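# Chain and residue survey
What follows is the residue order along each chain.
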Amino acid sequence: MSLKNKYDVIVVGAGPGGSMTAKTAAEKGLNVLLIEKRQEIGSPIRCAEGVGKKSLKKFFPVIKDEWISTKMSGVRIYSPDGTLVEMSDNRAVGYVLERKIFDRDLACMAADAGADVFTKTRATDLIIKDNFVKGIEGIRLGERFKVEADIVVGADGVESKVGRWAGINTTLKPKDIESGAEYLISGIPMEDLCEIYLGNDIAPAGYVWAFPKGKNRANVGIGILGSKLGEKRPFDYLNEFVKRKYRDGKIIEVIYGGIPVSRPTKTFGNGMMLVGDAARFTDPITGGGITNAIKSGIYAGEVAAECIEEGDFSEGGLKKYEKRWRSTIGEENNRSYLLKEFFINLPDGGLDVLAHSINKIRITELSVRGLMGELIDKNPWIPTGLAKLFKKKIEK
Amino acid sequence: MISINRYKCGYCGACVAVCPAGAIELVEAWIEIDGESCVECNNCVKICPIGALEVSDEPKK
Ligand SMILES: Cc1cc2nc3c(=O)[nH]c(=O)nc-3n(C[C@H](O)[C@H](O)[C@H](O)COP(=O)(O)OP(=O)(O)OC[C@H]3O[C@@H](n4cnc5c(N)ncnc54)[C@H](O)[C@@H]3O)c2cc1C
Ligand code: SF4
Ligand code: SF4
């Protein structure tokens, strides 16, 4: 199989965002090209692989067993002084995925829906004519190529260049990105609960997580806000934590990553859209970005089909993409962004006060909103502007 | 000039995201830095989770 000269839609990057864009567009009958610069989709991973059960089920009628490494029934949050806040339910509320399998399977779904998929194929620039994105330039196995398209979707992750090439400034300020380090550790006792550790000594303006991957394994990682980093690196902090807590564990995988915790960028222009991490759709509080990548990919695939049907690929035509994500991803991001700003300025003592106020309650609504609901009730000092945002229900 | 320690780098792309000059590229599984366009802001050095990037004394070519 070889690359065609022209497609309706080209999707750059085969993470969850790109594969879902390609799948959706192909299902709508469009001619789709999905390219991925790495030789293997999904590897190396840049993720702790945690995802809410409800949110995942919205996108897939069947959750395949091979996607899941562990079903989890709750979250335990430890404040700086060790106070435990538990959020749990008796049922499985979330999954820790096996993203190497999950991501590849999503790309297969795009292929099965009719998209052409090429790995070890990298976009190096956009073709721009009369102010319109008209395709991509790329390199595949050392050979340069050009392919035209009516719409190019940048699903190229945290390192996205598609937006920049189209003139959108996607550069993240150090205060809007977490620098992440993670180990897959084996040989440690784990329950089917996710653990979160807070504190400025442990992870300045960030947190340590331990997400179970089976009975005796976990993704143990850390994210630290870029603006709080000095000589001591995230891996230094993580090593300290692991030494203290998982002395007997064995590290069988090392994971690196940057996690956007910013507001979204502009996400569309003449002949182009951005989805997932490329659009900075990760949640600024949890750092979760899998479901927003999937959701924005579906929106982008749908909008691409509508615009191609109408023959309008202009910025004005593609604006409906932003309209769609604004009310869901956008609202949630706004509230999490403001919450992030509140938390990063809170000293450890403040985090402890919050934890003490709710450590006797079992919280059964497992979400940032569920947690904030309880906190707001017990802590009238939380700024009312912020509190109000969490009273409002957002359509998911 | 920014230099990269390829033995430490885990090609995560965090440095690419914070570079205001678009001087860094994550090619498949390695990083390339274009010394010509670098504006020496050190954002990349700061964000790297392991410290694989350093300011080197080598003069700008
Ligand atoms: C340490 C860490 C922990 C995380 N933990 C979680 C978690 O527990 N839960 C959660 O929901 N989220 C988590 N995230 C975030 C999550 O991993 C991302 O939000 C998610 O992967 C975004 O999907 P995406 O499709 O937008 O981008 P990606 O999955 O990053 O995919 C982008 C793809 O584009 C490819 N690409 C880039 N440039 C080009 C190019 N020029 N040409 C061709 N291909 C290109 C890349 O190789 C990559 O495969 C975590 C992130 C990190 C770093
Ligand atoms: S931030 Fe560091 S580890 Fe990540 S790609 Fe850049 S140099 Fe490599
Ligand atoms: S120092 Fe600044 S401009 Fe130079 S490569 Fe690093 S981030 Fe880019």
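Refer to the structure printed above.
Residues numbered from 1 in each chain as written. Chains lettered and ligands numbered in written order. Predicted model: local features only at pLDDT ≥ 70, side-chain atom pairs only at ≥ 80, totals over all residues. Heavy atoms only, no water.

Residue and element names in this part refer to chain A. Strands sit in the order β6-β5-β13-β14-β15-β12-β16 across an open sheet of seven strands; the sheet is mixed. Taken across any chain shown, the strands that pair with only one partner, and hence form the sheet edges, are β6 (84-88) and β16 (250-260). The average angle at which neighbouring strand axes cross in this sheet is 15°, direction not considered. (Pairing = 2+ DSSP bridges. Helix = DSSP H or I, 4+ residues; strand = E, 2+ residues; numbered from the N terminus. Axes fitted to C-alpha atoms, helices over the stretch in contact; angles between N-to-C directions.)

Moving on, we get to the interface of chain B and chain A. The partner chain A presents 26 residues to the 27 residues of chain B that form the contact. Across the chain B to chain A interface the summed buried area is about 2,200 Å²; carbon plus sulfur atoms make up 56%. Three residues stand out in chain B for area buried against chain A, namely B:Glu28, B:Lys46 and B:Pro49, and they jointly supply 29% of the buried area on that side. Counting the contacts that link chain B with chain A gives three salt bridges. Taking the shortest distance from any N to any O, the salt bridge between A:Lys161 and B:Glu25 comes out at 2.8 Å. One can count 15 residue pairs in polar contact (both at pLDDT 80 or more) joining chain B with chain A. (Contact = heavy atoms within 4.5 Å. Buried area = accessible area lost by both parts, 1.4 Å probe. Salt bridge = Lys/Arg side-chain N within 4 Å of Asp/Glu carboxyl O. Polar contact = N/O pair within 3.5 Å; in protein donor to acceptor, adjacent residues only side chain to side chain.)

Residues and elements named next belong to chain A. The buried fraction of strand β15 (residues 217-225) is high, at eight of nine residues. Sheet topology note: the strand β12 (residues 177-186)/β15 ladder contains nine bridges and is antiparallel. Bridging from a neighbouring strand, Ser179 pairs with Ile224 of β15. Across six bridges, strand β14 (residues 207-212) lies against β15 in antiparallel orientation. Each residue of the ladder has a partner; that of Phe211, found in β15, is Asn219. (Buried < 20%, exposed > 50% of the residue type's maximum accessible area, 1.4 Å probe, protein only.)

Attention shifts here to the environment of B:Leu26. Residue and element names in this part refer to chain B. Along the chain, Leu26 turns up in strand β2 (residues 24-27). Leu26 sits in the buried class, given a relative accessible area of 2%. Considering only alpha carbons, one finds Leu26 and Lys46, 20 residues apart in sequence, at a separation of 17 Å.

Residues and elements named next belong to chain B. Within the structure, ligand 3 sits among Ile2, Cys19, Pro20, Ala21, Ile24, Cys38, Val39, Glu40, Cys41, Asn42 and Cys44. Assessed atom by atom at 2 Å from the grid points, ligand 3 resides in the largest cavity. When its residues are assigned to classes, the shell around ligand 3 shows nine nonpolar, one polar and one charged. (Near = heavy atom within 4 Å. 1 Å grid on protein atoms, 1.4 Å probe; cavity = no way out; pocket = protein on both sides within 12 Å on 5 of 7 lines; lining within 4 Å. Sits in = over half its atoms within 2 Å of the grid points. Nonpolar A, V, L, I, M, F, W, Y, C, P; charged D, E, K, R; others polar.)

Attention shifts here to the side chain of A:Thr121. All names here are of chain A. Relative to the helices and strands, Thr121 resides in strand β9 (residues 121-129). Only 2.8 Å separates the side chain of Thr121 from the backbone oxygen of Thr119, close enough to count as a polar contact. For Thr121, the residues in contact, after removing those within four places along its chain, are Ile35, Glu36, Lys37, Ile139, Arg140 and Phe145.

Gaps left between atoms show up when a probe the size of a water molecule is rolled over them. Residues and elements named next belong to chain B. Inspection of every chain in the model, using the stated rule, returns three cavities of 30 Å³ or more. In this model, the largest cavity occupies a volume close to 110 Å³. The wall of the largest cavity is formed by 14 residues, among which Ile2, Cys19, Cys38, Cys41 and Cys44 lie closest to the centre. Across the lining of the largest cavity, the residue classes tally to 11 nonpolar, two polar and one charged. Roughly 80 Å³ of internal volume is contained in the second largest cavity. Forming the walls of the second largest cavity are 14 residues, and the residues nearest its centre are Cys9, Gly10, Cys12, Cys15 and Cys48. A per-class count over the lining of the second largest cavity returns 12 nonpolar, two polar and no charged. (Points joined across faces, edges and corners; volume = space filled by probe spheres on them.)

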